[in-house]
Amino acid sequence: MSSVAVFSKASPFDALQRWLPKLVLAPSMFIVLVGFYGYILWTFVLSFTNSTFLPTYKFVGLAQYARLFDNDRWWVASKNLAVFGGMFIGISMVVGVLLAVFLDQRIRREGFIRTIYLYPMALSMIVTGTAWKWLLNPGMGLDKLLRDWGWEGFRLDWLIDPDRVVYCLVIAAVWQASGFIMAMFLAGLRGVDQSIIRAAQIDGASMPKIYWKVVLPSLRPVFFSAVMILAHIAIKSFDLVAAMTAGGPGYSSDLPAMFMYSFTFSRGQMGMGSASAILMLGAILAILVPYLYSELRAKRND
Amino acid sequence: MTSLANKPALSLSRVAIYAVLIVAVFIYLVPLVVMLLTSFKSPEDIGSGNLLSWPTEVTAIGWIKAWATVKGYFWNSFLITVPAVLISTTIGALNGYVLSMWRFRGSQLFFGLLLFGCFLPFQTVLLPASFTLGKMGLASTTTGLVFVHVVYGLAFTTLFFRNYYVSIPDALVKAARLDGAGFFTIFRRIILPMSTPIIMVCLIWQFTQIWNDFLFGVVFSSGDSQPITVALNNLVNTSTGVKEYNVDMAAAMIAGLPTLLVYVVAGKYFVRGLTAGAVKG
């Protein structure tokens with residue numbers, strides 16, 4: 001008798017306990033399904049319509065994509081992304097790895113130096129852009145500073161040069177993100193088995209050679225994660241352009257994220273803006289899928 | 001004195017390494033130093049000197065003018081950031097707890113779907129999100145921005161907690177369940193007290209992300225509800241009137257100070273968040 005009483009008393013509690021985890025997760029599940037995937041699908045649908053200032057659901061097939069590919073500004077933005085992304089990733093990696101390796105040599109005041117290298121990462125890209133816009137100001141910024149310091153023929157007017165303005169974005173972005181790459185690699189280096197280095201030293205290998213041939217190759221996963229993150233930052237870069245150049249002069253420093261914003265929200269080209277957003281998603285997937293695939297395969301092989 | 005034996009000899013290559021590291025320190029510091037110097041100069045000083053020249057007269061007029069302009073937006077940013085950080089961290093903790101200790105059929109799939117949110121280019125959700133905010137009557141409000149930041153912050157906050165909790169031994173929770181402790185009791189009594197480091201990481205990550213956000217701010221707010229980043233951008237990129245670089249730089253410093261302060265005080269957790277967000281489990 002008593003056991004039945006206990007059972008019936010425990011039962012609703014147990015049932016609730018069984019459902020609680022699902023109940024707790026339910027709102028997030030809803031958010032993910034609707035706010036992530038539902039909205040992507042919605043944007044996808046919009047990219048096949050002739051929506052301008054307001055969404056309309058009149059389907060025009062691939063017309064918006066065709067218009068996009070006919071649009072010179074889109075090509076400038078895409079080409080800029082390739083240049084900006086390539087240089088930003090390449091330089092940040094070289095600087096980050098170099099600083100990490102140097103910092104790993106039992107450096108005095110390492111903590112302090114690390115803090116300095118990484119602080120730009122705490123700043124908004126808008127703050128970074130504002131600062132670098134001033135530093136690169138033709139006539140008043142570094143341009144003048146280096147002339148004042150005696151380098152008479154020095155000219156730095158990239159910010160108003162349509163062919164070179166992208167390099168300004170690269171400089172600011174590298175300044176902001178290279179410390180982060182340093183931190184990632186330093187963490188990786190700290191995990192490297194010191195006995196491997198000792199063994200190579202006993203074999204008579206020089207330190208640069210040990211790092212190049214033994215230590216850095218063992219950090220392959222860190223290398224891939226770092227490139228992945230930098231590529232992701234590059235594709236999403238919007239605030240830096242907005243603050244530094246607003247896409248100018250003309251649209252010579254446009255990036256896809258900036259293009260999407262101005263066509264969707266300022267020029268009332270919702271359909272084409274959506275098409276450009278979908279292509280950005282495609283770019284992210286193009287780097288994400290191979291990355292995840294290799295990660296999963298590596299895990300299975302462990 | 002024994003430590004001397006362990007110290008590497010001061011060779012030429014070590015001098016070179018130190019030289020590179022110290023030059024790099026200066027390069028990283030230059031923009032901050034220039035911002036500070038410029039913000040305390042008078043406009044005449046800016047015109048006659050150069051980036052690194054010391055102000056002939058140190059004046060706070062740039063800061064006073066900047067603060068008068070961005071004050072309201074600065075508080076907007078707090079009004080957006082504080083609730084968004086707290087809510088998204090709370091939900092992230094509960095999600096992480098379920099996804100690591102109360103798994104059910106489909107929960108792993110959900111985690112996979114959620115993870116993609118860490119990489120989602122927000123351009124693909126901006127339009128539908130703005131339609132939704134409009135329908136909810138939250139367009140151009142700070143509440144709307146809180147909402148958006150909570151939704152699109154969930155991927156990272158859940159990831160942080162889930163990866164942290166996965167390393168806690170199952171036995172602990174199993175024993176508590178045998179003793180009759182329920183879902184929330186276990187969370188409050190056992191899990192939460194050992195979560196301090198990851199809570200710090202998550203709070204700091206979210207604070208930095210949301211305070212520094214520009215995209216959501218510029219799309220989902222207007223006029224009086226704009227966050228500081230949008231206000232700073234408007235101030236710096238207005239083409240009307242004489243450019244006051246001291247005001248621009250002071251405003252940029254004001255926009256950057258809260259996150260810089262967090263970084264200086266709790267840098268350890270900031271770095272951990274960056275690498276935890278980077279190295280996905």
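Quick caveat, the model's predicted, so the values are computed rather than measured.

J.: Which residues make up the confidence of the model for chain B, and what are the values?
T.: Residues and elements named next belong to chain B. Confidence in the prediction for chain B averages 89 pLDDT; 94% of positions are at 70 or higher. Element-level pLDDT for chain B is lowest in helix α1 (residues 3-6), with a mean of 43, against a maximum mean of 95 in helix α4 (residues 61-101). When the criterion is pLDDT under 50, residues 1-6 qualifies, and its contacts beyond four places in sequence or with other chains add up to 0 contacts.

J.: Give a description of the confidence of the model for chain A that names residues and reports values.
T.: Confidence in the prediction of chain A, expressed as mean pLDDT, is 89, and 95% of residues score 70 or more. The low-confidence segment residues 1-8 of chain A, where pLDDT is below 50, has 0 contacts with residues more than four positions distant or belonging to other chains.

J.: With reference to specific residues and values, describe the interface of chain B and chain A.
T.: Tallying the contact residues gives 66 residues for chain B and 75 residues for chain A. Here the side of chain B that touches chain A is composed, by residue class, of 48 nonpolar, 17 polar and 1 charged.

J.: Go over the packing of helix α4 (residues 110-118) of chain A against helix α2 (residues 12-39) of chain B, please, and point to the residues and values.
T.: Between α4(A) and α2(B), the least distance of the axes is 9 Å, while the angle of their chain directions is 40°. Considering the angle they form, α4(A) stands oblique to α2(B). The handedness of the crossing between α4(A) and α2(B) comes out as left-handed. Two secondary-structure elements touch here, α4(A) through I113(A), I116(A) and Y117(A) and α2(B) through L21(B), A24(B), V25(B), Y28(B) and L29(B).

J.: How would you explain the UniProt feature "transmembrane region" (unreviewed entry) in chain B if you had to name every residue and give the values?
T.: Residue and element names in this part refer to chain B. Sequence positions flagged by UniProt for "transmembrane region" (unreviewed entry) are, in local numbering, residues 15-37, 74-97, 109-131, 143-165, 186-207 and 249-271. Regarding residues 143-165, the helix share stands at 100% and the strand share at 0%, and the terminal C-alpha atoms are separated by 31 Å. Secondary structure across residues 249-271 divides into 100% helix and 0% strand, with the first and last C-alpha atoms of the span separated by 27 Å.

J.: Could you give me a rundown of the packing of helix α8 (residues 194-202) of chain A against helix α9 (residues 207-215) of chain A, with the residues and numbers involved?
T.: All names here are of chain A. The interhelical angle for the contact between α8 and α9, taken along N-to-C directions, is 125°, at an axis separation of 11 Å. If you check the angle between α8 and α9, you find them oblique. In terms of crossing hand, the pair formed by α8 and α9 is right-handed. Judged by residue contacts, I196, I197, A200 and Q201 of α8 engage I210, V214 and V215 from α9.

J.: Explain the UniProt feature "domain: ABC transmembrane type-1" (unreviewed entry) in chain A to me, using residue names and the numbers behind them.
T.: The UniProt entry lists residues 78-293 of chain A under the feature "domain: ABC transmembrane type-1" (unreviewed entry), expressed in the numbering used here. Within residues 78-293 of chain A, the helical portion is 72% and the strand portion 0%, while the C-alpha atoms at the span's ends are 26 Å from each other.

J.: So what's going on with the UniProt feature "transmembrane region" (unreviewed entry) in chain A? Which residues, and what values?
T.: Residue and element names in this part refer to chain A. UniProt tags residues 23-45, 81-103, 115-135, 164-189, 210-235 and 270-293 as "transmembrane region" (unreviewed entry). Secondary structure across residues 23-45 divides into 100% helix and 0% strand, with the first and last C-alpha atoms of the span separated by 31 Å. Helix makes up 100% of residues 81-103 and strand 0%, and the two end C-alpha atoms of the span are 31 Å apart.

J.: Hey, could you go over the nonpolar core for me, with residue numbers and the actual values?
T.: Membership of the largest hydrophobic core comes to 174 residues, with the highest contact counts inside it found for L169(A), V70(B), L232(B) and A251(B). Taken domain by domain, the makeup of this core includes at least three residues from each of domain 1 (3-48) and domain 2 (65-278) of chain B. Once residues lying within four places of it in the same chain are set aside, the contact partners of L232(B) are I126(A), T130(A), V70(B), A251(B), A252(B) and A255(B).

J.: Explain the domain arrangement of chain B to me, using residue names and the numbers behind them.
T.: All names here are of chain B. Assigned domains within chain B: domain 1 (3-48) and domain 2 (65-278). Just the C-alpha atoms count here: the centres of domain 1 and domain 2 sit 33 Å apart. At the interface, 7 residues of domain 1 touch 7 residues of domain 2. Per-class residue counts for the side of domain 1 that touches domain 2 are 4 nonpolar, 2 polar and 1 charged.

J.: How would you summarise unusual backbone geometry if you had to cite specific residues and measurements?
T.: All names here are of chain A. For the bond from G248 to P249, the omega torsion is -5°, close enough to zero to count as cis. Along the chain, P249 falls in the loop between α11 (239-244) and α12 (256-266). Of note, R106 is a non-glycine position whose phi angle comes to about 45°, a positive value. Of note, R106 is situated in the loop between α3 (72-103) and α4.

J.: Give me α2(B): which residues, what numbers.
T.: All names here are of chain B. Over its 28 residues, α2 runs 40 Å from end to end, which matches the ideal 40 Å to within 8%, given 1.5 Å per residue. Along α2, the largest kink reaches about 40° and is centred on L29; proline P31 follows within four residues of it. Taken as a whole, α2 has its buried residues at L21, A24, Y28, P31, V34, M35, L37, T38 and S39.

Parameters and conventions
Residues numbered from 1 in each chain as written. Chains lettered and ligands numbered in written order. Predicted model: local features only at pLDDT ≥ 70, side-chain atom pairs only at ≥ 80, totals over all residues. pLDDT = per-residue confidence, 0-100. Helix = DSSP H or I, 4+ residues; strand = E, 2+ residues; numbered from the N terminus. Contact = placed C-beta atoms within 7 Å. Nonpolar A, V, L, I, M, F, W, Y, C, P; charged D, E, K, R; others polar. Axes fitted to C-alpha atoms, helices over the stretch in contact; angles between N-to-C directions. Parallel < 35°, antiparallel > 145°, perpendicular 65-115°, else oblique. Left-handed = near helix turned anticlockwise from the far one by under 90°. UniProt positions renumbered as here; feature names shortened; annotations may be inferred. Core = buried A, V, L, I, M, F, W, Y, C linked by C-beta atoms within 7 Å. Buried ≥ 20, exposed ≤ 12 C-beta atoms within 10 Å, placed from the backbone. Domains from an automatic or database assignment. Expected span 1.5 Å × (residues − 1). Bend = angle between axes of the 7 residues up to and from the residue.

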